[in-house]
2 protein chains.
Amino acid sequence: MQAAVKPEIAVSAHDRVYRGLRTRIMHGQIGPGEALTLRGLGREFGVSMTPAREAVNRLVAEGALQMSSSGRVSTPEPSNERIEELAELRALLEVELASRALPRAHIALIDRLQTINGAIADVVSNRDAVGYIRTNLEFHRTLYLRAQAPAMLAMAETVWLQLGPTMRALYGRLRRTEAPQYHRLIIAALKAGDEPGLRLAVRTDVTQGLRMLAG
Amino acid sequence: MQAAVKPEIAVSAHDRVYRGLRTRIMHGQIGPGEALTLRGLGREFGVSMTPAREAVNRLVAEGALQMSSSGRVSTPEPSNERIEELAELRALLEVELASRALPRAHIALIDRLQTINGAIADVVSNRDAVGYIRTNLEFHRTLYLRAQAPAMLAMAETVWLQLGPTMRALYGRLRRTEAPQYHRLIIAALKAGDEPGLRLAVRTDVTQGLRMLAG
DNA sequence: TGGCACCATCTGTGATCACGAATCCGCAGC
DNA sequence: GCTGCGGATTCGTGATCACAGATGGTGCCA
């Protein structure tokens, strides 16, 4: 939850496993309900069970993984109510983050956002689900970094993490043919300095896809 | 982050340590900047280093503890900017939670809140800082449980956790002579079904003390 | 053919240990 | 008296191991 914001120089074994697993989950490279084992992760990352367990426990604490009563670990399959709640949480946090970023959004940032948006169009045309999720999150993160609100951003990333496996399933169900239109609305609102428009565009961009999945 | 919402029957060693440390931090029984050691915690809870380290790592991930580059663990001393950001986060989340609890708040809940508010008056007159923090959080949690939004409540509790050591320092600085007046405003707004009033009362209750400390 | 019990295997848990690094305390030198 | 230095101590990290419980597959019985 914290490591995402401050990169840290620490490169301990459990950190490698944690980071690797975290991005894998957040980018939707692991489907919902998939099982993981400590020994398997240890082998995969070339470490023993101890750091693997630490990484897994941390991700369980963040809600990115769930643990059965017997200690078995798997990616969660959230209920529709939970998905909808997480989407509301995204809206709540990200609207605030965008709103705080607005007064600091100069032209260089907007250019960068437009570049990322172009990259999204590329991965979409390739039907690359993981690439789409990664680039989409990069768009949002780039904007929110300007808000200078690390704790808030960390919370938003925790929500992304919990939605990772679901987003992948969502992408498969959505017939997506172009870059998200709401990103263009976000950029337009940033250019115009239009705060109400920005809040609405972010909220819509964040909730529309997930609401379709949950409903 | 999750364990707070679903009590779980699991009573593993690292869970005992985690829960014990967590409530101790959240209730302000540990001052800011205080150091902890794995071996010390292990001795204290009667377990070895392994479960102690798991509990500590989890709390570090939640921002309740900080870890130096050499792995030393201590409670964080947040900067004023961070305190203010966490207060804003509390406002954002708790206003939403209260607003969602409002339509479900029947008379039994309001009675319970009034009882808790009475208990706050007691601990305040005893100058019992830990008791004050605990009872105050119980007031908020009781209300928010009605929102039926577990993920949102878990996030709010994570923020409380991060503010735990600071709240203790705050209490010592504040010359508090009576139960918080804004709690009475919250109860009044609940009785009247007045949503804007409720939102304002919660926001004020949550931010006033911390803003005083940070500012 | 379908269901059930049993056993081999796999899984997480926690204690212990060796290792390297950081910290702390006291002592000597200025 | 104060600062800088060196060694003893303490610290976190990660590997290994024994153990208990769950899991899953196989063969037997109805």
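Here the residue numbering is sequential within each chain, running from 1 through the sequence in written order. The order in which chains are written sets their letters, starting at A; the order in which ligands are written sets their numbers, starting at 1. Whole-chain, interface and lining totals are the exception, using all residues; otherwise, since this is a predicted model, local features are given only for residues with pLDDT of at least 70 and side-chain atom pairs are given and counted only at 80 or more. Side-chain numbers here rest on the full set of heavy atoms in the structure, without hydrogens or water.

**Student:** Give me the lowdown on the overall build of chain A, citing residues and values where you can.
**Tutor:** A count of helical and extended segments in chain A gives nine helices and three strands. N-terminal to C-terminal, the α/β element order of chain A is α-β-α-α-β-β-α-α-α-α-α-α. Of all 215 residues assigned to chain A, the portion counted as buried reaches 56%. Method for areas: the Shrake-Rupley scheme with a 1.4 Å probe, in which residue coverage is limited to the protein chains shown. Split by element, the accessible area of chain A, about 9400 Å² in all, is 51% carbon and sulfur. Labels follow the DSSP assignment, with helices taken as runs of H or I lasting at least four residues and strands as runs of E lasting at least two, numbered in each case from the N terminus. Only protein chains enter the area calculation, which uses a 1.4 Å probe; residues under 20% of their type maximum are buried, those over 50% are exposed, and those in between are partly exposed.

**Student:** Lay out the interface of chain B and chain A with the relevant residues and their values.
**Tutor:** We call two residues in contact when some of their heavy atoms are within 4.5 Å. With 27 residues of chain B in contact, the opposing surface of chain A contributes 27 residues. Both faces combined, the contact of chain B with chain A buries some 2600 Å², and carbon together with sulfur accounts for 63% of it. A pair is scored as a salt bridge if a Lys or Arg side-chain nitrogen falls within 4 Å of a carboxyl oxygen belonging to Asp or Glu. At the boundary of chain B with chain A, the tally comes to four salt bridges. With a closest N to O distance of 3.6 Å, arginine 100 of chain A and glutamate 88 of chain B form a salt bridge. Polar contacts here mean pairs of N or O atoms no more than 3.5 Å apart (in protein, one a potential hydrogen donor and the other a potential acceptor; neighbouring residues in sequence count only if both atoms are side-chain atoms). Summed over the shared surface of chain B and chain A, the number is eight residue pairs in polar contact (both at pLDDT 80 or more). Where the side of chain B that touches chain A is concerned, the elements lending two or more residues are helix H3 (49-61), helix H4 (80-101) and helix H7 (150-173) of chain B. Ranked by residues supplied to the side of chain B that touches chain A, first place goes to H4 of chain B with nine residues. Summed over both partners, the accessible area lost on bringing two parts together, with a 1.4 Å probe, is the buried area.

**Student:** Can you tell me about the protein's contact with DNA strand C, naming the residues and giving the values?
**Tutor:** Residues are counted as near a molecule or strand when any one of their heavy atoms sits within 4 Å of it. The local shell around DNA strand C holds 17 residues, among which Arg39, Met49 and Arg53 of chain A together with Ala13 and Ser48 of chain B are the closest. Atoms of DNA strand C within 4 Å of the protein: sugar and phosphate make up 65%, bases the balance. One of the side-chain nitrogen or oxygen atoms of arginine 72 of chain A is found 3.5 Å away from a sugar or linking oxygen of DNA strand C. One of the side-chain nitrogen or oxygen atoms of histidine 14 of chain B is found 3.3 Å away from a phosphate oxygen of DNA strand C.

**Student:** An account of unusual backbone geometry is needed here, citing residue identities and associated values.
**Tutor:** Despite not being glycine, glutamine 148 of chain A has its phi angle at roughly 55 degrees, a positive value. Looking at where glutamine 148 of chain A falls in the secondary structure, it is placed in the loop between helix H6 (129-145) and helix H7 (150-173). A positive phi angle, near 55 degrees, is found at arginine 127 of chain B, a position not held by glycine. On the secondary structure map, arginine 127 of chain B appears in the loop between helix H5 (107-125) and helix H6 (129-145). The exposed category is assigned to arginine 127 of chain B, whose relative accessible area is 53%.

**Student:** I'd love a proper account of the relation of the copies chain B and chain A, names of residues and values included.
**Tutor:** C-alpha atoms of residues with pLDDT of at least 70 in both copies form the basis for the least-squares superposition of the copies. When chain B is brought onto chain A, the operation consists of a screw motion whose angular component is 180 degrees and whose axial shift is 0.0 Å, with 0.0 Å RMSD remaining. Both copies are brought into coincidence by an operation consistent with a two-fold rotation axis. Within chain B, arginine 58 of chain B has its C-alpha nearest the rotation axis, a separation of 2.7 Å. Of all interface residues in chain B, 100% are interface residues in chain A too; the two copies therefore contact each other through one and the same surface.

**Student:** Go over the protein's contact with DNA strand D with me, naming the residues and quoting the values.
**Tutor:** Contacts to DNA strand D come from 17 residues, most closely from Ala13 and Ser48 of chain A together with Arg39, Met49 and Arg53 of chain B. Within 4 Å of the protein, atoms of DNA strand D come from sugar and phosphate in 63% of cases. A distance of 2.5 Å separates a phosphate oxygen of DNA strand D from a polar atom in the backbone of alanine 13 of chain A. Arginine 53 of chain B is positioned with one of its side-chain polar atoms (N or O) 2.7 Å from a base nitrogen of DNA strand D. Sorting the residues of the surface near DNA strand D by element identifies helix H1 (13-26) and helix H3 (49-61) of chain A together with helix H2 (38-45) and H3 of chain B as the ones contributing at least two each.

**Student:** An account of the sheet that holds strand E2 (residues 66-67) of chain B is needed here, citing residue identities and associated values.
**Tutor:** Residues and elements named next belong to chain B. If you walk across this open sheet you meet the three strands as E1-E3-E2, and the pairing is antiparallel. Looking at the sheet topology across the chains shown, the edges are occupied by strand E1 (35-36) and E2. Note that E2 and strand E3 (residues 73-74) share two bridges and pair antiparallel. Along E3, the bridge assignment pairs methionine 67 with valine 73. For two strands to be treated as a pair, DSSP must find no fewer than two bridges joining them.

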